[in-house]
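# Structural features, examined
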Amino acid sequence: MSKTSKTQSQRNRNIHRVSGLSAATLIMQFQRSGAKAPSYSFRESQNRYNAHKSVNKAKITFSTSNPSDAQSGIDSIMNQKGKRTIYKETVGSFGAYIFTIDKTQLSSIADELKNVGSVVSQVEQVDTSLVNLDYDSESARLASYEKEQADLDLVRFPSDAQNRRKETLHALIQQSRSNLDKLRDADNVLLYLTVSPVKNRLSILAVIKAWSIRYFSWLGIFTVAAVLIYFGAKLLMFFLALMGVKGFSTTGMGSYTYGGSYSNYGGLFHRLWKKNRKVKRIYKDKDSSKDEEESK
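Definitions and limits used
- Residues numbered from 1 in each chain as written.
- Predicted model: local features only at pLDDT ≥ 70, side-chain atom pairs only at ≥ 80, totals over all residues.
- Heavy atoms only, no water.
- Helix = DSSP H or I, 4+ residues; strand = E, 2+ residues; numbered from the N terminus.
- Contact = heavy atoms within 4.5 Å.
- Areas by Shrake-Rupley, 256 points an atom, 1.4 Å probe, with all protein chains shown as cover.
- Expected span 1.5 Å × (residues − 1).
- Buried < 20%, exposed > 50% of the residue type's maximum accessible area, 1.4 Å probe, protein only.
- Arc of directions from axis to C-beta.
- pLDDT = per-residue confidence, 0-100.
- Core = buried A, V, L, I, M, F, W, Y, C linked by side-chain atoms within 4.5 Å.
- Pairing = 2+ DSSP bridges.
- Axes fitted to C-alpha atoms, helices over the stretch in contact; angles between N-to-C directions.
- Phe/Tyr/Trp six-rings, centres within 6.5 Å; stacked < 30°, edge-to-face > 60°.
- Lys NZ or Arg CZ within 6 Å of the ring centre and 35° of its normal.
- Parallel < 35°, antiparallel > 145°, perpendicular 65-115°, else oblique.
- Left-handed = near helix turned anticlockwise from the far one by under 90°.

Another aspect to go through is the overall build of the protein. Within the protein one finds nine helices and five strands. Shown N-terminal to C-terminal, the secondary structure of the protein runs as helices and strands in the order α-α-β-α-β-β-α-β-α-α-β-α-α-α. In the protein, the proportion of contacts linking residues at least 24 apart, taken out of those at least 6 apart, comes to 71%. Within the structure as shown, the protein displays about 21600 Å² of accessible surface, and the carbon and sulfur contribution to it stands at 55%.

Set out below in structure tokens:
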């Protein structure tokens, strides 16, 4: 492979690395932006609303772009038109309210809420089990159950049948009293109101445009950083070559080579030391000839 093709291949790899790093940074930003989105669970308030018995029920789901004004407006509605507050909770831009109102006020409350936001949904419910009940007839039925129970309580030694009847009467009395409580509120509505902030709904093109701008911004940042690191490394190699460190060369500065052995780094100092050292040579043949002459 020629030097030009090698250089082009290295550039392509660098471009792919910078592009991949930009994409990874964009994905991390997207995940963090999703994780930071505020949320609230209406589970507890929903359970309370379902458990509370009432002839008339209504649920209004409300959203607003100005939660503080909406919460203030709901507090004003509860104080002016609410008859009994059962549950109230506000967390940040979210809120859950359960209170009773006169059923003639339901439409006007919905209109007031529309002034500070939008009504997403409105559901009204009626307890059909109480439709055929009358307050007076239910009161007479309760009085009859209580009288019968009082008569059985006077029996000193009740039979098993009388004891079973007393248990049945106790359940019937509790049910009748609950029905009367509901019938007293027949003209009222148990209102369950939830408030949520309006979600920003951007078009697909707007989302693509916004994230494309972020991607190319990060691509530019990482490209500049890569160029600075590249020329910084080149400059460091140049200074190392000027200092005489073996393995670096100032010729072309296109690349550098590593000698592959730690002994190369001490090569320069070894040559300088060897140049200034005096060497004494001993010749074995010459020494042996001198010894022969002295023996003669």
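Now that the structure has been shown, the text picks up again.
A few words on helix α3 (residues 67–81). Its 15 residues give α3 an end-to-end C-alpha distance of 21 Å, which sits within 8% of 21 Å, the value for a rise of 1.5 Å per residue. Buried within α3 are the following residues: Pro67, Ala70, Gln71, Ile74, Ile77 and Met78. Looking straight down α3, one finds that the buried residues subtend no more than 115 degrees of arc, so they occupy a single side. Exposed and facing more than 90 degrees away from the buried side of α3 are Asn79 and Gln80. Elements in contact with the buried residues of α3: β1 (56–64), β2 (82–91), β3 (94–102), α4 (106–114) and β5 (188–197).

Within the protein, residue pLDDT values average 75, and 67% of them lie at 70 or more. Per-element averaging of pLDDT across the protein places helix α8 (residues 267–276) at the bottom with 48 and β3 at the top with 93. With pLDDT under 50 throughout, residues 253–270 is counted as low confidence; its partners more than four residues away or in other chains account for 18 contacts. A low-confidence stretch, residues 292–296 stays under pLDDT 50, and its non-local contacts, those more than four residues away or across chains, total zero contacts.

The subject of this paragraph is the nonpolar core. As a rule of thumb, nonpolar side chains are buried together in soluble globular proteins. One finds Ile74, Tyr97, Ile101, Leu113, Leu191 and Leu193 to be the most contacted residues of the largest nonpolar core, which totals 17 residues. Among the elements of the structure, β1, α3, β3, α4 and β5 are those that each provide at least two residues to this core. Apart from the residues within four sequence positions on either side, Ile101 is in contact with Lys81, Gly82, Leu106, Ile109, Asp187, Asn188, Val189 and Leu191. Counting eight residues, the second-largest nonpolar core is a separate cluster that includes Tyr49, Phe94, Ala96 and Leu190.

The next thing to look at is the side chain of Thr194. For Thr194, the location among the structural elements is in strand β5. With relative accessibility at 5%, the residue Thr194 sits in the buried group. Beyond its immediate sequence surroundings of up to four residues, Thr194 is in contact with Phe42, Ile60, Thr61, Phe62 and Gly95.

Glancing now at the sheet that holds β5. Ordered in space as β2-β3-β5-β1-β4, the five strands form an open sheet in which the pairing is mixed. Bordering the open sheet on either side are β2 and β4 (118–126), each of which pairs with just one other strand. The mean angle between the axes of side-by-side strands here comes to 10 degrees, regardless of whether they run parallel or antiparallel. Where β2 meets β3, eight bridges bridge the pair, whose relative direction is antiparallel. By the bridge assignment, Gly82 is partnered in β3 with Ile101. With respect to the sheet, helix α2 (residues 43–51) is in contact with β1, β2, β3, β4 and β5, its orientation differing from that of β1 by roughly 160 degrees.

On to the packing of aromatic side chains. Each aromatic ring pair is described using two quantities: the centre-to-centre distance and the angle formed by the ring planes. Under the definition given, this model contains four aromatic pairs. Centroid distance Tyr40 to Phe94: 5.7 Å. Interplanar angle 20 degrees. Geometry classified as stacked. With Tyr40 in the loop between α1 (3–35) and α2 and Phe94 in strand β3, this pair connects stretches of sequence that are 54 residues apart. Across the pair, Phe94 and Tyr40 agree in class, each one buried. Between Phe42 and Phe94, the ring centres sit 6.5 Å apart and the planes meet at 65 degrees, which makes this aromatic pair edge-to-face. With Phe42 in the loop between α1 and α2 and Phe94 in strand β3, the pair connects residues that are 52 residues apart, well separated along the chain. The exposure class assigned to Phe94 is buried, which follows from its relative accessible area of 11%. Here the aromatic residues Tyr40, Phe42 and Phe94 are joined through ring pairs into a cluster of three or more. Across the ring face of Tyr49, the terminal group of Lys57 is positioned such that the distance to the ring centre comes to 4.8 Å.

As for its placement among the helices and strands, His52 is situated in the loop between α2 and β1. Residue classification places His52 among the partly exposed positions, given a relative accessible area of 23%. C-alpha separation for the pair His52 and Ile86, spaced 34 residues apart in sequence, amounts to 9.3 Å. When sequence neighbours within four positions are dropped, the list of residues in contact with His52 reads Lys57, Arg84, Ile86 and Leu190.

Packing of α3 against α4 brings their axes to within 11 Å, and their N-to-C directions diverge by 160 degrees. In this view, α3 runs roughly antiparallel relative to α4, as classed from their interaxial angle. The crossing of α3 and α4 is right-handed. Each of Ile74, Ile77 and Lys81 in α3 lies in contact with α4, whose residues at this interface are Ser108, Ile109, Glu112 and Leu113.

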